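Take a look at the letters that make up each chain.
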Amino acid sequence: MESRPAETIGSLEEANDRISWLGGYESESEVEAAARQIVEYFGLQSFVFGALFRNGEREDYRYLVGCEPEWCFLYNERKWYAIDPFIDYALRSTSPVLASDVPLHTAGQQRLMAEAAEHGFRSGIVVPAHSGSAIRIGILYLGTSDGPERARDSLRKHRSLMRAFALELLEWWDARLRADGLEVLDLDALDVDLLRKAQEHATAEEAARELGVTLSRVKARYERIERKLEVPNKRSAVEKAVALGLIRGARWPEARP
Amino acid sequence: MAGSSTLKLAGHALCLGIPLLAPLGVSLGVPWLSPLAVFGVLPFLSLLIGEDRSLPVAGLRRSPALLAYLDFLPRIYAAVWMGTLAWAAAYASRETPGTAGLAALAVSVGIASALAICTAHELMHRRSPADVLLARLMASACLYGHMPVEHFHHHATVGDVAAGATAPRGMSIYRFAPTDFLHGLGNAWAVERARLRRTRAGWWRNRALQDHALGLGLALSFFAGFGTAGLVVFIGQAVFAVFCFEVITYVHHYGLVRGENEEAGPQHAWAHHCWLTNCLTFNNTFQGDHHLRPGVPYYELHAMYGAPRLPASYLTMFCLALVPPLWRALMDPRLDALAQARARGMAMARQELPEWLRAGQCR
């Protein structure tokens, strides 16, 4: 990855470029540094991006942080993710919204907002990001220690760019987790191709002829994939691979059963 | 020389000279220079240089600059070949060289186009979509649009006579070439039809159809741009290139039929690890390894144990295949010897094959 300039962003085109570069960064620190510049362009000071990955009953959160570290520590320690009203909002909605417009229902949520205001999120914006499947969802919190007018003004000016920003961050996590998953499970490119073929409901013979490997090798590979993913059959392997982000969700909802 | 890895890596660039033989021949007043050089001189040069005993590029030898050079060579070949093709059509249109001149041009460019199919073969196995697209464009320009799809089918069915690509013992090249072309077309069509039915995609997503349509479009463009002479050169080079490729397929797999339940292996492709052929064809003689590891780039391939040996280099065998009685006289005794070795359960034990039947190997 070539190094990118770290100067302050001065124009809409530049902001657009910086957002489109996010996918090319390799480390979290690089993405966080670039994201800080973009948030400053929005006229705000803090951000947290949470990526929620659902795998069956299990939910997994990953974060990119551009705010006071104490706030993240407090948030995790008090398990506020369990009552966070913005997660609930992002699960149900796609529109960016002012944090003050999200209704608070419990005393716990009011305490959470009061603490957030003390740590750079006096007012803010919530930007949901949804992927092709319901398995991966992103929530971008943009915050400022100024009053709600600053956040309102920023949202009015940069609404579309904020959506793009959140989606690029979600894609970055998605790609990162896919690569990590392949490495950890010791799967290679042929395994991923075979999982995609299984997702298309290809028989082993069809997969062999389209990927250029012998039938016996395809069968042996499917057995190995099932063993590594700890599933009983190809169907379950595909479902687990989608859940782990190794392959994307099916584009053929009505494919041959 | 044939053991030097550095020379071998530099030698891969020799392939760039093959397309240039066509304009060189015209400028020297020797329009048949390219076939004379390739089928007349190179077999003797191959004999002089000997077999490839260089090391494949692996491990610490993989410096980024070296990999960039090796990765870019097939792309550069594509550019040089396409330029030559356009030049030949423009020359034929401008100079009206007559029937013999047109034939010489078509054959000269056709030789480069046969090598272009070989180059496309290297590119189509890569994971980069741009390289795969380039491979499809190259196959289309040789009117061989179904080749990228069919080739993967071939990998899955190597050694299966019913699936094509393997000529049964006794079949001549003149029967094999048209039969295999049509067989390949049928295979590609069947693969794509199954894929499209499965994914509910429209008929226009059929890659074999797309690539043949592109070939037709290119032919029409040559006709529009360079007139009848340009079209004759375009079609002539394509027919010659496809024929050459079919001959090489014939040479690769003649008579090496895979038994029932037998796993595909190096014993299902003839080999002769000629240094010069390897330089010119992106290590195409390492078929056995390529069949086992289709995704591995050409510079990592090496010779395999168990590959039966051709009596001479590909270029020599190409010429011999055109004379069926001579071909059978040379190859059928080898098939008999292989069958005997197999009967004794030694087909995979290279050391136990007769010396004259063993393919050379890398250091």
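Nothing here was measured: the structure is a model prediction, and the numbers come from that model.

Definitions and limits used
Residues numbered from 1 in each chain as written. Chains lettered and ligands numbered in written order. Predicted model: local features only at pLDDT ≥ 70, side-chain atom pairs only at ≥ 80, totals over all residues. Heavy atoms only, no water. Core = buried A, V, L, I, M, F, W, Y, C linked by side-chain atoms within 4.5 Å. Buried < 20%, exposed > 50% of the residue type's maximum accessible area, 1.4 Å probe, protein only. Helix = DSSP H or I, 4+ residues; strand = E, 2+ residues; numbered from the N terminus. Contact = heavy atoms within 4.5 Å. Buried area = accessible area lost by both parts, 1.4 Å probe. Salt bridge = Lys/Arg side-chain N within 4 Å of Asp/Glu carboxyl O. Expected span 1.5 Å × (residues − 1). Bend = angle between axes of the 7 residues up to and from the residue. Polar contact = N/O pair within 3.5 Å; in protein donor to acceptor, adjacent residues only side chain to side chain. Axes fitted to C-alpha atoms, helices over the stretch in contact; angles between N-to-C directions. Parallel < 35°, antiparallel > 145°, perpendicular 65-115°, else oblique. Nonpolar A, V, L, I, M, F, W, Y, C, P; charged D, E, K, R; others polar.

The next thing to look at is the nonpolar core. Ranked by internal contacts, the top residues of the largest apolar core, which has 83 residues, are Ile18(B), Trp81(B) and Trp327(B). Counting 34 residues, the second largest nonpolar core, distinct from the first, contains Val39(A), Leu44(A), Leu98(A) and Leu142(A).

Our next topic: helix H12 (residues 314-321) of chain B. Residue and element names in this part refer to chain B. Burial runs high along H12: six of the eight residues are buried. Of the residues making up H12, those classed as buried are Tyr314, Leu315, Met317, Phe318, Leu320 and Ala321. Buried residues along H12 sit in contact with helix H3 (33-49), helix H8 (173-199), helix H9 (207-253), helix H10 (275-280), helix H11 (287-292) and helix H13 (324-343).

A separate point is the interface of chain A and chain B. In this assembly, 20 residues from chain A lie in contact with 17 residues from chain B. Buried surface at the junction of chain A and chain B, both sides included, amounts to about 1,600 Å², of which 48% is carbon and sulfur. Considering only the side of chain A, the residues that lose the most area to chain B are Arg209(A), Glu210(A) and Thr214(A), jointly responsible for 34% of the buried surface there. Connecting chain A to chain B are four salt bridges. With a shortest N-O distance of 2.9 Å, Arg127(B) and Asp193(A) are connected by a salt bridge.

What follows covers H13(B). Residues and elements named next belong to chain B. With 20 residues, H13 should reach 28 Å at 1.5 Å per residue; the first-to-last C-alpha distance of 27 Å fits that figure. Considering bend angle alone, the principal kink of H13 is centred on methionine 331 and spans about 25°; proline proline 333 follows within four residues of it. Along H13, the residues classified as buried are Trp327, Met331, Asp332, Arg334, Leu335, Ala337, Leu338 and Ala341.

Residue and element names in this part refer to chain B. Relative to the assigned elements, serine 113 resides in helix H5 (residues 98-124). According to the relative accessible area criterion, serine 113 is buried, its value standing at 0%. A distance of 2.5 Å separates a polar atom in the side chain of serine 113 from a polar atom in the side chain of glutamine 237. With near-sequence residues (within four places) excluded, serine 113 lies in contact with Trp81, Cys142, Gln237 and Ala241.

Attention shifts here to the packing of H8(B) against H9(B). In a pair of packed helices, the angle between the axes and the distance between the axes together describe the arrangement. Residue and element names in this part refer to chain B. It is at 8 Å that the axes of H8 and H9 come closest, and there the two elements cross at 105°. Relative to H9, H8 is oriented roughly perpendicular. Touching Ile173, Tyr174, Phe176, Ala177, Asp180, Phe181, Leu185, Ala188, Trp189, Glu192 and Arg195 of H8 are Arg207, Ala208, Leu209, His212, Val242, Phe243, Glu246, Val247, Thr249 and Tyr250, all from H9. Grouping the constituent residues of the contact of H8 with H9 by class yields 14 nonpolar, two polar and five charged.

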